[in-house]
Amino acid sequence: MSAELCGTISAYDIDMMTGSALMTADELFLLPDDGWKYELVRGELRKMSPAGADHGSIGAEILVSLGAHVKKHRLGKVYNSDTGFRITRIPDTVRAPDAAFVSAARAVPTRKYFEGAPDVAFEVVSPNDLYTEIEDKTRDWLRAGTLAVVIVDPAAKSARIERRNGGAPVVDVIAVEDVIPGWRLPLEELFE
């Protein structure tokens, strides 16, 4: 599909593209806003349902806590679930975590997708997420250079932190001190 045509496609056309020929990140970026969220996984367009209220609330709690700390200490930038990160090329993969942190040294302004992986990606498990989908997304983040992936499960009221050298068991406090110094979010606060 040419980039010139992307600006004129309809929701029907988008439905037809899901699972069809490989798409690029530039083509994904030009899709019209039809109310759905999309990710691109190895060139394949994936349509995702909007998040439920609990999912959105937990994502917002993470963003508020993390954002205030990062801004106060000038550690970098915090991004919400609308932000795409291009983590592979040819075929392109653009993922969008529920929240993300990028250190000040790596945070660069751009109108397009962030080139590369966030330093920390936060994934909030939705009721319709399959375990394999969460694990695939976690592996994609870690392969692309993410230092830690925080997986929050609202149903179990739990969280775990995955890293390239292995994961942590379920934690009581979300903290990634080596990447985000001084920031801690106790689960009892997150789930109250």
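Residues numbered from 1 in each chain as written. Predicted model: local features only at pLDDT ≥ 70, side-chain atom pairs only at ≥ 80, totals over all residues. Heavy atoms only, no water.

## Topic: the pattern of salt bridges
This structure, assessed with the given rule, holds 17 salt bridges. With a shortest N-O distance of 3.2 Å, E44 and R46 are connected by a salt bridge. On the basis of relative accessible area, E44 is assigned to the partly exposed category, the value being 33%. A relative accessible area of 33% places R46 in the partly exposed class. A salt bridge links D92 to R86, with the shortest nitrogen-to-oxygen separation between them at 3.3 Å. By relative accessible area, which is 8% here, R86 ends up buried. Connected through salt bridges with shared partners, the residues E39, R42, R95, E123, K137, D140 and R143 form a single ionic network. (Salt bridge = Lys/Arg side-chain N within 4 Å of Asp/Glu carboxyl O. Buried < 20%, exposed > 50% of the residue type's maximum accessible area, 1.4 Å probe, protein only.)

## Some details on the confidence of the model for the chain
Within the chain, residue pLDDT values average 86, and 89% of them lie at 70 or more. The least confident element of the chain, judged by mean pLDDT, is helix α1 (residues 3-6) at 39; the most confident is strand β6 (residues 99-103) at 97. (pLDDT = per-residue confidence, 0-100. Helix = DSSP H or I, 4+ residues; strand = E, 2+ residues; numbered from the N terminus.)

## Focus on the nonpolar core
I62, V120, F122, V152, I174, I180 and L190 are the most contacted members of the largest nonpolar core, which totals 25 residues. Top element by residues in this core is helix α4 (residues 53-73). It accounts for 4 residues. Sequence-distant contacts of L190, that is, excluding residues within four places in its chain, are made with I58, E61, I62, V152, I174 and L185. Of all hydrophobic cores here, the second largest spans 14 residues; its members include V125, W141, L142 and V149. (Core = buried A, V, L, I, M, F, W, Y, C linked by side-chain atoms within 4.5 Å. Contact = heavy atoms within 4.5 Å.)

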